Amino acid sequence: MDLLTIGAFAKASRLSPKALRLYDELGLLTPARVDPVTGYRLYAPEQLDQARLVAWLRRLGMPLARIQHVCTLEAGSAAQEIRAFWAQVEADINARRDLATFLIDHLSWKDPAMAPTAKPLGIRYAALSDTGLVRESNQDTAYAGSRLLAVADGYGSRGAGASTAAVDALKHLETDGIPAGNLLNVLEDAIEQAKQAVHGVATNGSSPEEAGTTLTAMLWTGSQLALVHIGDSRVYLLRDQELFQITHDHTMVQLMVDEGRLSPEEAASHPQRSLLIRALGQGADATTDIRLHDAQRGDRYLLCSDGLSTVVPSGEIRRVLSEISEPAQAVRALIALANGSGGPDNVSCVVADVVELQQ
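Definitions and limits used
- Residues numbered from 1 in each chain as written.
- Predicted model: local features only at pLDDT ≥ 70, side-chain atom pairs only at ≥ 80, totals over all residues.
- Heavy atoms only, no water.
- 1 Å grid on protein atoms, 1.4 Å probe; cavity = no way out; pocket = protein on both sides within 12 Å on 5 of 7 lines; lining within 4 Å.
- Points joined across faces, edges and corners; volume = space filled by probe spheres on them.
- Helix = DSSP H or I, 4+ residues; strand = E, 2+ residues; numbered from the N terminus.
- Nonpolar A, V, L, I, M, F, W, Y, C, P; charged D, E, K, R; others polar.
- Buried < 20%, exposed > 50% of the residue type's maximum accessible area, 1.4 Å probe, protein only.
- Pairing = 2+ DSSP bridges.
- Core = buried A, V, L, I, M, F, W, Y, C linked by side-chain atoms within 4.5 Å.
- Contact = heavy atoms within 4.5 Å.
- Phe/Tyr/Trp six-rings, centres within 6.5 Å; stacked < 30°, edge-to-face > 60°.

Chemist: Where do I start with the layout of surface pockets in this structure?
Modeler: Rolled over the atoms, a probe sized like a water molecule indicates the empty space that remains. Roughly 470 Å³ of volume is contained in the second largest pocket. If you trace the second largest pocket, you find 18 residues lining it, with Arg234, Asp249, Gln254, Ala267 and Ala268 closest to the centre. Residue assignment for the lining of the second largest pocket shows that the elements contributing at least two residues are α8 (252-258), α9 (264-268) and α10 (306-309). For the lining of the second largest pocket, the class distribution of residues is 5 nonpolar, 7 polar and 6 charged.

Set out below in structure tokens:
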């Protein structure tokens, strides 16, 4: 069969001649023949399928280096690679959507406390951390104060120090004033301080040691809760007797669920369900989720490490949060449930209720 000129091939493949020349230079789509006299590129008709695949992948926004890799794979593996790429795109879009929502809410929000009929809200809270029944030491840190709620789950040889350092880096938010309109900057600065604190733990001493941590924290602003989250500790919201998970686990298994490679049921028993893809630590992706939540009187928030969520079903968590009114009793009951299920990991819980302040 006759070879196609670059113009004819460009038209058939929906790629421009300029793009075809670039892909040739990169080794992504090499012509079947180059005329030795004119230098014209000539393409075989059977190259059209690959060229069209390249065109579609470019429309998806896939980088050229990754397209080159996809083109070397068999159909099934190529499909899996495209699925993984698109899951990452959606995760990035969701992160930007969260940031956009944060900014829109923060800039347009009117404080209900300014209304003459509004009743001021506050939080009552309790925090508790336990070693569990299997681990020799506790690498979790749990903290609750009048403005800051936090849980961190450390890992590595200095994991306990890492989780403590991350939470301690946020504690100044309890007392520091936050200028109007500056909440996002304050949170980003605090996250950066937490990153540096964890780095300091890892490099402290004669030789660097592995140290990292998850970090899930909420800052009470008067009638909203600002959430910062990285890792697989979680926040649940109990509202009107319904339980909602309002964080997304940054784990390899959760990514596989997002990509359709695992069902939620399979993920629950997967041997690598605790493998993190985001965390505060050396060499880790430290991209943090930041969101705002409007609080309502009667809301109950639970922050917990995976020592609770991986062994206690959500129905049991909802039951305890619904039936036990005092936060201190609720955190004790939740930790007892985790230990009653074998206590395979450290477990930390923070429970905070949104209540009307007495005037």
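Next comes the rest of the account.
Chemist: Explain the pairing of strand β9 (residues 224-230) to me, please; I cannot follow it from the model alone.
Modeler: Across a regular strand the side chains alternate sides, sitting on one face of the sheet and then on the other. In terms of burial, β9 is a largely internal element, 7 of the 7 residues being buried. Going residue by residue along β9, you find Gln224, Ala226, Val228 and Ile230 tucked away on one face and Leu225, Leu227 and His229 tucked away on the opposite face as well. With 6 bridges joining them, strand β8 (residues 215-220) and β9 adopt antiparallel strand pairing. The residue of β9 that forms the bridge with Leu219 is Ala226. When β9 meets strand β13 (residues 289-294), the two strands line up antiparallel, connected through 6 bridges. Note that in β13 the partner of Ala226 across the bridge is Leu292.

Chemist: Please clarify how the nonpolar core should be interpreted in this entry.
Modeler: Soluble globular proteins: nonpolar side chains tend toward being buried together. Ranked by internal contacts, the top residues of the largest apolar core, which has 31 residues, are Leu170, Leu187, Leu215 and Leu280. At the level of secondary structure, the elements contributing two or more residues to this core comprise β6 (148-155), α6 (159-168), α7 (183-203), β8, β9 and β13. Ranked by the residues each element gives to this core, the list is headed by α7, at 10 residues. Other than its neighbours up to four places away in sequence, Leu170 contacts Leu148, Ala190, Leu215 and Ala217. In this structure, Ala10, Leu28, Leu29 and Ala51 belong to the second largest nonpolar core, which totals 21 residues.

Chemist: Explain the packing of aromatic side chains here, please?
Modeler: Where two aromatic rings form a pair, the distance of their centres and the angle of their planes describe that pair. According to the stated counting rule, one finds 1 aromatic pair in the structure shown. Judged by centre distance (4.3 Å) and plane angle (10°), the rings of Phe9 and Tyr43 are stacked. Of the two residues, Phe9 sits in helix α1 (residues 6-13) while Tyr43 sits in strand β3 (residues 41-43), which places them 34 residues apart along the sequence. Both residues of the pair, Phe9 and Tyr43, count as buried.

Chemist: Help me out: how do you make sense of the sheet that holds strand β2 (residues 33-34) in this one?
Modeler: The strands making up a sheet are joined through hydrogen bonds of the backbone, oriented either antiparallel or parallel. Taking strand neighbours across the sheet as the criterion, the 3 strands line up as β1-β3-β2 in an open arrangement whose pairing is antiparallel. Edge strands, defined here as strands with exactly one partner in the open sheet, are β1 (4-5) and β2. Relative to β3, β1 is paired through 2 bridges, and the arrangement is antiparallel. Along β3, the bridge assignment pairs Leu4 with Tyr43.

Chemist: Would you mind going over empty space enclosed by the protein with me for this structure?
Modeler: Applying the stated criterion to the full structure yields 1 cavity of 30 Å³ or more. Here the largest cavity defines a volume of roughly 50 Å³. Lining the largest cavity we find Leu148, Leu170, Leu173, Leu187, Ala190, Ile191, Ala217, Met218, Leu219, Ala226 and Val228. Residue assignment for the lining of the largest cavity shows that the elements contributing at least two residues are α7, β8 and β9. Residues that form the lining of the largest cavity fall into these classes: 11 nonpolar, no polar and no charged.

Structural measurements only, silent on function.
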